[in-house]
Amino acid sequence: MSKEVKALEATTKGDFASFNQTIIKRRNLRPDDIAIDIKYCGICHSDVSMVQWQGAHFPMVPGHEISGIVSAVGSEVKDFKPGDRVGVGCFVNSCGKCAACKAGQEQFCEKGTVVVFDSEDYDGTITQGGYSQAIVVKDHFVLHIPDELSLADAAPLLCAGITTYNPLKQYNVGKDSKVAVIGLGGLGHIAVQFAAKMGADVTVFGHSESKRDEAAKFGATSYEILKDPEDFKPLAGQFDFILNTVAVNLDLNNYMPLLKFNGVFCYVGIPSDEIHLNLFSIFGNQANLTASNVGGIAMTQEMLNFAAENDIKPQIEMIGIDDVPEAYQNILDSKVHYRYVIDMSTLK
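Here the structure is a predicted model, which is why all the values come from computation and not from measurement.

### Here we look at the side chain of Asn 244
Now for step 1: Relative to the assigned elements, Asn 244 resides in strand β13 (residues 239-244).
Now for step 2: For Asn 244, a relative accessible area of 0% translates into the label buried.
Now for step 3: Look past the residues within four positions of Asn 244 in its chain and what remains in contact with it is Ile 182, Leu 250, Phe 265, Cys 266, Tyr 267, Val 268 and Gly 269.

Below, the structure written as structure tokens:
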């Protein structure tokens, strides 16, 4: 038998008006499963992209920034109990045996990582995400949410948080680092907080004066508006690490010379178009160009603990379940002020 729960599903690809409330089934507990009553679910730009054009299985229940309370655990679960505050992020299964899994990098599982929604699990079922009352997840993929973090604040950290924390850790950002963050949106405002709390000197690259004061509030020591090629020249050779959090085309030939020798330019905001680079823009400083995926489960737990210890919180706008279609359009139109979070108690 399986449990029926209420959910919000998108029925038609590309049509935000197709969202409707429905009933879905969650599996019965396996020995290593955890059942979670979902309290909040963040909305990520990738949720929008899946409904808009990337998704494969419709109807689809999106959502991969899930926070809630444990309602039951399987017979073999040792590290969780009913009543625990928990989160679920981007993926819910992996083989556990390959080199990537053994290294704590489950997102690169050789068998194929099972994403929390619109993904075929190993038993052939299609996963359904967090826009629902409850979910059942294998214990390895459930995170403890520290008491210092509210469940609402924790939700966006399970994607936006780990997406920005992982590359900062991977490239050893710390107290001697000079870091630039491109964009102060849903990802960027969290990246600035993490980098600043790691001890780095943080500069935000923006496109207008509108977010200068907010950048300082999040921990940035400077704010640069870069529009014309001349704007870049005074910053040449200044940065150890540049994190691009915007999914727009950039002229890399302007940005790469801003790095120190062996510096790193890392994408976490991924544009859909091809990027173009003149190799002479990295020849003089032997700069590195890369992209970063989300982090593994252990890194995600580390991130949550770090956020709790350092009072790092996403700026959220709480919405109800009926507001989701409008929120999706606002994200496309860049009208959201950082991150939307759905109060799942509004799912009736």
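That shown, we press on.
### Considering the packing of helix α1 (residues 45-54) against helix α10 (residues 324-332)
Now for step 1: One way to put it is that α1 packs onto α10 with a least axis distance of 10 Å and a crossing angle of 105 degrees. On the basis of the axis angle, α1 is roughly perpendicular to α10. Between α1, through His 45, Asp 47, Val 48, Val 51 and Gln 52, and α10, the contact on the second element is made entirely by Tyr 328, Ile 331 and Leu 332.
Now for step 2: Classifying every residue of the contact of α1 with α10 gives 5 nonpolar, 2 polar and 1 charged.

### Let's talk about the environment of Asp 201
Now for step 1: Of note, Asp 201 is situated in strand β11 (residues 201-206).
Now for step 2: Residues Asp 201 and Thr 221 lie 20 residues apart in sequence; the distance between their C-alpha atoms is 6.5 Å.
Now for step 3: Here Asp 201 is in contact with Ser 177, Lys 178, Val 179 and Thr 221, once residues within four sequence places are set aside.

### A closer look at the pattern of salt bridges
For side chains bearing opposite charge, pairing can occur when the charged atoms are close.
Now for step 1: Here the structure, examined in full by the defined rule, presents 11 salt bridges.
Now for step 2: Note that Asp 33 is salt-bridged to Arg 27, the shortest N-O span being 2.8 Å.
Now for step 3: For Asp 33, a relative accessible area of 1% puts it in the buried group.
Now for step 4: Here Asp 147 makes a salt bridge to Arg 85, at a shortest N to O gap of 3.9 Å. Of the two residues, Asp 147 is situated in the loop between β9 (143-144) and α3 (151-170) and Arg 85 in strand β5 (residues 85-88); the sequence distance between them amounts to 62 residues.

### Describing the sheet that holds strand β14 (residues 259-267)
Now for step 1: Here we have 6 strands laid out as an open sheet, ordered β12-β11-β10-β13-β14-β15, and parallel in their pairing. Each edge of the open sheet is held by one strand with a lone partner, namely β12 (222-225) and β15 (288-291). On average, each strand axis in the sheet is tilted by 20 degrees relative to the strand beside it, whichever way the strands run.
Now for step 2: Relative to β15, β14 runs parallel, the two sharing 4 bridges. What sits directly across from Cys 266, in β15, is Thr 290.

### Digging into the packing of α3 against helix α9 (residues 297-309)
Now for step 1: Here α3 crosses α9 at 100 degrees, and the two axes come no closer than 9 Å. As judged from the angle between their axes, α3 and α9 are roughly perpendicular. Taking contact as the criterion, the partners of Leu 157, Leu 158, Gly 161, Ile 162, Tyr 165, Asn 166 and Lys 169 in α3 are, on α9, Met 299, Thr 300, Glu 302, Met 303, Leu 304, Phe 306 and Ala 307.
Now for step 2: A class-by-class count of the residues in the contact of α3 with α9 yields 9 nonpolar, 3 polar and 2 charged.

### Comments concerning the nonpolar core
Now for step 1: Counting residues in hydrophobic clusters, the biggest one holds 90 residues, and the most contacted among them are Ile 43, Tyr 131, Phe 194, Val 324 and Tyr 328.
Now for step 2: By residue number, the principal contributor to this core is α3, which donates 9 residues.
Now for step 3: When sequence neighbours within four positions are dropped, the list of residues in contact with Phe 194 reads Gly 161, Thr 164, Tyr 165, Leu 168, Met 303, Phe 306, Ala 307 and Ile 312.

### Some words on the side chain of Arg 339
Now for step 1: Mapping Arg 339 onto the fold places it in strand β17 (residues 339-343).
Now for step 2: For Arg 339, a relative accessible area of 6% translates into the label buried.
Now for step 3: In terms of polar contacts, Arg 339 uses its side chain to reach the side chain of Glu 65, at 2.5 Å.

### Points about α10
Three or four residues apart is the spacing at which side chains of an α-helix point the same way, because the helix has 3.6 residues per turn.
Now for step 1: Within the span of α10, buried status applies to Val 324, Ala 327, Tyr 328, Asn 330 and Ile 331. The buried residues of α10 occupy an angular sector of 165 degrees when projected down its axis, which confines them to one face.
Now for step 2: Those residues of α10 that are buried are in contact with β1 (2-10), β2 (19-27), β3 (33-43), α1, β16 (316-319) and β17.
Now for step 3: Downstream of α10 by a residue or two, Ser 334 has a phi angle that is positive, lying close to 60 degrees.

Rules used in this analysis
Residues numbered from 1 in each chain as written. Predicted model: local features only at pLDDT ≥ 70, side-chain atom pairs only at ≥ 80, totals over all residues. Heavy atoms only, no water. Helix = DSSP H or I, 4+ residues; strand = E, 2+ residues; numbered from the N terminus. Buried < 20%, exposed > 50% of the residue type's maximum accessible area, 1.4 Å probe, protein only. Contact = heavy atoms within 4.5 Å. Axes fitted to C-alpha atoms, helices over the stretch in contact; angles between N-to-C directions. Parallel < 35°, antiparallel > 145°, perpendicular 65-115°, else oblique. Nonpolar A, V, L, I, M, F, W, Y, C, P; charged D, E, K, R; others polar. Salt bridge = Lys/Arg side-chain N within 4 Å of Asp/Glu carboxyl O. Pairing = 2+ DSSP bridges. Core = buried A, V, L, I, M, F, W, Y, C linked by side-chain atoms within 4.5 Å. Polar contact = N/O pair within 3.5 Å; in protein donor to acceptor, adjacent residues only side chain to side chain. Arc of directions from axis to C-beta.

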